Each structure stands twice: as C-alpha cells, then as structure tokens.
Amino acid sequence: MTSELHAAPRQSLIHRPQLDTPLVLSLVVPVYNEAETVALFVERVEQVFADPDAVRVEYVFVNDGSEDETLDILLLLQRRIARIRIVDLSRNFGKEAALSAGLRCATGQVVVPIDVDLQDPPELIPTMVKRWREGYDVVLGHRIDRASDSWAKRASANWFYRIHNKIADPAIPENVGDFRLMDRQVVDALNDLPESRRFMKGLFAWVGFRTTHIDYSRPERVAGTSKFNGWRLWNFALEGITSFSTDPLKIWTYLGIAVSLSAFLFAILIVLKVVLFGIDVPGYASLMVAVTFLGGLQLIGIGVLGEYLGRTYLESKRRPVYLVRRIYEAED
Ligand code: UDP
Ligand code: MG
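Residues numbered from 1 in each chain as written. Chains lettered and ligands numbered in written order. Predicted model: local features only at pLDDT ≥ 70, side-chain atom pairs only at ≥ 80, totals over all residues. Heavy atoms only, no water.

(A) Looking closely at the overall build of the protein chain. Helix and strand content of the protein chain: 10 helices and eight strands. Across the 332 residues that make up the protein chain, the buried fraction comes to 43%. Considering only residue pairs separated by 6 or more positions, the protein chain has 84% of its internal contacts joining residues 24 or more positions apart. Per element, the accessible surface of the protein chain, about 18,000 Å² overall, is 61% carbon and sulfur. (Helix = DSSP H or I, 4+ residues; strand = E, 2+ residues; numbered from the N terminus. Buried < 20%, exposed > 50% of the residue type's maximum accessible area, 1.4 Å probe, protein only. Contact = heavy atoms within 4.5 Å. Areas by Shrake-Rupley, 256 points an atom, 1.4 Å probe, with all protein chains shown as cover.)

What follows is the structure, given as structure tokens:
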C-alpha cells in the first residue's frame, strides 16, 4: 500500500480518553435525488449507533437541489429523529460544494462525510472512532476492493491517481474517497480554506494531520443510480489536477524548446544538403505534417492555458461556493 497512508508514527499519538458525556459525531451526507435511499441510510445508521450513551449521531443532510421527493422524506424523518439537520441548497451545486456546506454546518467533535447510497458502510464508523481515540486526527476509509465499480471506472481512477500524484503536491492517497473520520481541528482547518473551487479529496490531503486508515470493500449502491457519468468524472479529474499542480502550464516551455531546437537542427541539415550535394529538397508532404503537427501542439497549449485561465477567472469573482435556501432544525 502507498506509504502516505502510514504517515503518523504511533509513539507521537496522544490517547483521547472516553468521557462521561457521549461523543457527538456528525455525519455529513450530500443528497441529490436520493428519495429511494435516504430512509434506508438512516435505518442502517440507527442500527449501528443504537446506544446513545456512547456516541450521539448528528445528521447533517445537504439537499443538493434534488428534483424528487428527497426533501419531503428528510423532513418526515426529522419528525422522528430530532438529531437530523437539513441544509437545503438553492440549486444543484455538485457534491464538492454540498460537502463544503455540510462541513460548515456540522457541530460534532468528530465529523464523517458519507454517501447516502450505503456504499460507505456505517458499520465501519465505530472502528474509525476507536482509531481516533488512539490519537489519530484523520481515519481514512480505504477501498481494497472496487469490484462494485465498472472496469472503465476502475481503470480511469487508476490513471487519474497515477498522473495526479506524479505532478500534484501533496499526493492524494489512492482508493480513498470522501468517506473518512475527521477531528474537529481538521474540519475547522478545511472550513478556513478560502478557495471557491473545491476539489475535496485534494483539500483533505492538503490540510494533513495525523492520518491512518482502515480497509473495506466497497459494496454496490443499495438503490437508485450513480450521479457521476464519464464526462462529469473527466471534468472532476481536470479540476483535481489544475487545482493542485501548475506542471501542465510549465511543460510548454520545455516542449517549445525541444521542438524549436529540432527545427533548427533540421534547417541546418537541409542547408548542408543543398550546398554540399545540390539535392533539391522535396517538401510538400513533410511540410504538411510539420504544419499540422505544430498547429495541433499549439492549440493544445492554448487549451491548457484556457483551463487555468478559466479557473482563475471564476475564482477571482469570489462568489460563494453554495447558497443555502433554508436550514431545517427539528424544532422548526
Ligand atoms: N451527490 C450530490 N450532488 C451531486 C451528485 C451526487 O450531493 O450533484 C451525492 C449523492 O446523492 C450521493 C453521493 O453524492 O450521496 C455520491 O454520489 P453517487 O453515489 O452518485 O456517486 P458514485 O458512488 O457513483 O461515485
Ligand atoms: Mg455511490
């Protein structure tokens, strides 16, 4: 396994004692058109945390502009369980923004972002809490088996991690999603980050802290369908790389030097051929290849510039990451 998952030496850990008051644990759950899954999710979590004296679970559901009955179902659940808080966003802002909203509204001593489709098993959380008590600030859920993902998704994820971690700093741990337990201190640090374009996996890695992981195999979605298609994932990957590396911008200088140097050498070769051997230079085909190749190369370079410029432009507007329509508390 990658070494960054084992960053914290054990001897530096300070044990967190079990107090008489229950530990408040916030679950941050972004939901987008999840009418089929929310009730199943709450039921499973309630089973896991049946003893309220040990851990008190606070649910922070972030309704990311669902167009189905998700909000109504959440409100019904809230009548039964007062520990449910619902942050209703004004439209669909995407999972990263929804997570940011949830992290800001969570009040627990420890916070766990979790998918509502039960692909992140809640049964793992007590083990995460145990590791947190040992003194770790972050406990990652590490997927040892992605069999539930399609071949294409696994392959593209693999490539993404490989490329991202080669050029971006800090590296993000492989096969780790958003599912993790974080200490309050870590969440406060995340909330203090000012950027409006938020690639959470990268931000999680950026803040650091003493980190460990537990392994699990990722099950299938209990109901409903995935919200991420190929195009969305591609843009997500671009976001990750451009947010944490400027290498794609710098590469053009070196590519330019290499291309013009070889062009110069080629020119000398042609001159020598003509002067020394009087050979007439046949040109049309090679000229076309050179022109189209260089034209393509330049367009790619401009495209990369555009990716960064566009992101700088959006960031410079200082718009908020999300807008909250209403926060529903139980007593409302
Ligand atoms: N989600 C969201 N906003 C979106 C897309 C997804 O809040 O625009 C939530 C979704 O409701 C779920 C989680 O993000 O709780 C993970 O989504 P999904 O299961 O579709 O992703 P996958 O597991 O296929 O990567
Ligand atoms: Mg899922």
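Back to the write-up after that little detour.
(B) Expanded view of the packing of helix 6 (residues 184–192) against helix 7 (residues 200–207). Here helix 6 crosses helix 7 at 120°, and the two axes come no closer than 10 Å. By the criterion of interaxial angle, the relationship of helix 6 to helix 7 is oblique. Seen from above, helix 6 lies across helix 7 with right-handed handedness. Residues Val 186, Ala 189 and Leu 190 of helix 6 form the contact with helix 7, whose participating residues are Leu 203, Phe 204 and Val 207. Among the residues forming the contact of helix 6 with helix 7, the class breakdown is six nonpolar, no polar and no charged. (Axes fitted to C-alpha atoms, helices over the stretch in contact; angles between N-to-C directions. Parallel < 35°, antiparallel > 145°, perpendicular 65-115°, else oblique. Left-handed = near helix turned anticlockwise from the far one by under 90°. Nonpolar A, V, L, I, M, F, W, Y, C, P; charged D, E, K, R; others polar.)

(C) View of the UniProt feature "domain: Glycosyltransferase 2-like" (unreviewed entry) in the protein chain. Mapped onto this numbering, the UniProt entry gives "domain: Glycosyltransferase 2-like" (unreviewed entry) at residues 26–188. For residues 26–188, the helix share is 39%, the strand share is 25%, and the end-to-end C-alpha distance is 14 Å. (UniProt positions renumbered as here; feature names shortened; annotations may be inferred.)

(D) A look at the nonpolar core. Formed by 38 residues in total, the largest nonpolar core has its most connected members in Leu 25, Leu 27, Phe 41, Tyr 59, Phe 61, Ile 125 and Leu 181. Of the residues forming this core, the biggest block, five residues, is contributed by strand 1 (residues 23–31). Among residues more than four places away in sequence, those in contact with Leu 181 are Leu 25, Val 110, Val 111, Val 112, Met 128, Val 129, Trp 132, Asp 137, Val 138 and Val 139. Val 28, Ala 98, Val 138 and Tyr 161 belong to the second largest nonpolar core, which has 35 residues in total. (Core = buried A, V, L, I, M, F, W, Y, C linked by side-chain atoms within 4.5 Å.)

(E) Examining the coordination of the magnesium ion (ligand 2) more closely. Protein-derived coordination of the magnesium ion (ligand 2) comes from Asp 117 (OD) and Gln 119 (OE1), at a distance range of 1.9 to 2.0 Å. The class for Asp 117 is buried, based on a relative accessible area of 4%. The class for Gln 119 is buried, based on a relative accessible area of 12%. (Donors = N, O, S within 2.8 Å, 3.2 Å for Na, K, Ca; no water.)

(F) Looking closely at the site of ligand 1. In the region of ligand 1, 19 residues are neighbours, and Glu 34, Asp 64, Asp 117, Ser 226 and Lys 227 sit closest. Contacts to ligand 1 include Glu 34, whose side-chain N or O atom sits 2.6 Å from an oxygen atom. For ligand 1, an oxygen atom lies 3.2 Å from a polar atom in the side chain of Asn 92. Protein coverage of the free-state accessible area of ligand 1, which is 530 Å², stands at 94%. Residues of the shell around ligand 1, tallied by class, amount to five nonpolar, four polar and 10 charged. (Near = heavy atom within 4 Å. Polar contact = N/O pair within 3.5 Å; in protein donor to acceptor, adjacent residues only side chain to side chain.)

(G) Summary view of the pattern of salt bridges. For the structure shown, the criterion picks out 17 salt bridges. Residue Asp 178 pairs with Lys 95 through a salt bridge whose shortest N-O separation is 3.0 Å. Here Asp 178, found in strand 6 (residues 176–183), pairs with Lys 95, found in helix 3 (residues 95–105); they are 83 residues apart in sequence, far enough to count as distant. For the pair formed by Asp 178 and Lys 95, the shared burial category is buried. Between Glu 315 and Arg 318 there is a salt bridge, with its nearest N and O atoms 3.6 Å apart. In this structure Arg 318 comes out as exposed when scored by relative accessible area, which is 53%. Three or more residues joined by partner-sharing salt bridges are found here, namely Lys 95, Asp 115, Asp 120, Asp 178 and Arg 218. (Salt bridge = Lys/Arg side-chain N within 4 Å of Asp/Glu carboxyl O.)

(H) Quick look at the sheet that holds strand 3 (residues 84–89). With respect to topology, eight strands assemble into an open sheet ordered 7-5-6-4-1-2-3-8, the strand pairing being mixed. Here the strands that pair on one side only, and so sit at the sheet edges, are strand 7 (211–217) and strand 8 (324–328). If you compare each strand with its neighbour and ignore which way they point, the axes differ by 20° on average. Across the face of the sheet, helix 1 (residues 38–48) comes into contact with strand 1 and strand 2 (55–63) while running at roughly 165° to strand 2. Relative to the sheet, helix 2 (residues 70–80) contacts strand 1, strand 2, strand 3 and strand 8, its axis offset from that of strand 3 by approximately 160°. (Pairing = 2+ DSSP bridges.)

(I) The arrangement of the UniProt feature "transmembrane region" (unreviewed entry) in the protein chain in detail. Feature annotation in UniProt places "transmembrane region" (unreviewed entry) on residues 251–272 and 284–309, given in this structure's numbering. Helix makes up 100% of residues 251–272 and strand makes up 0%, while its end C-alpha atoms are separated by 32 Å.

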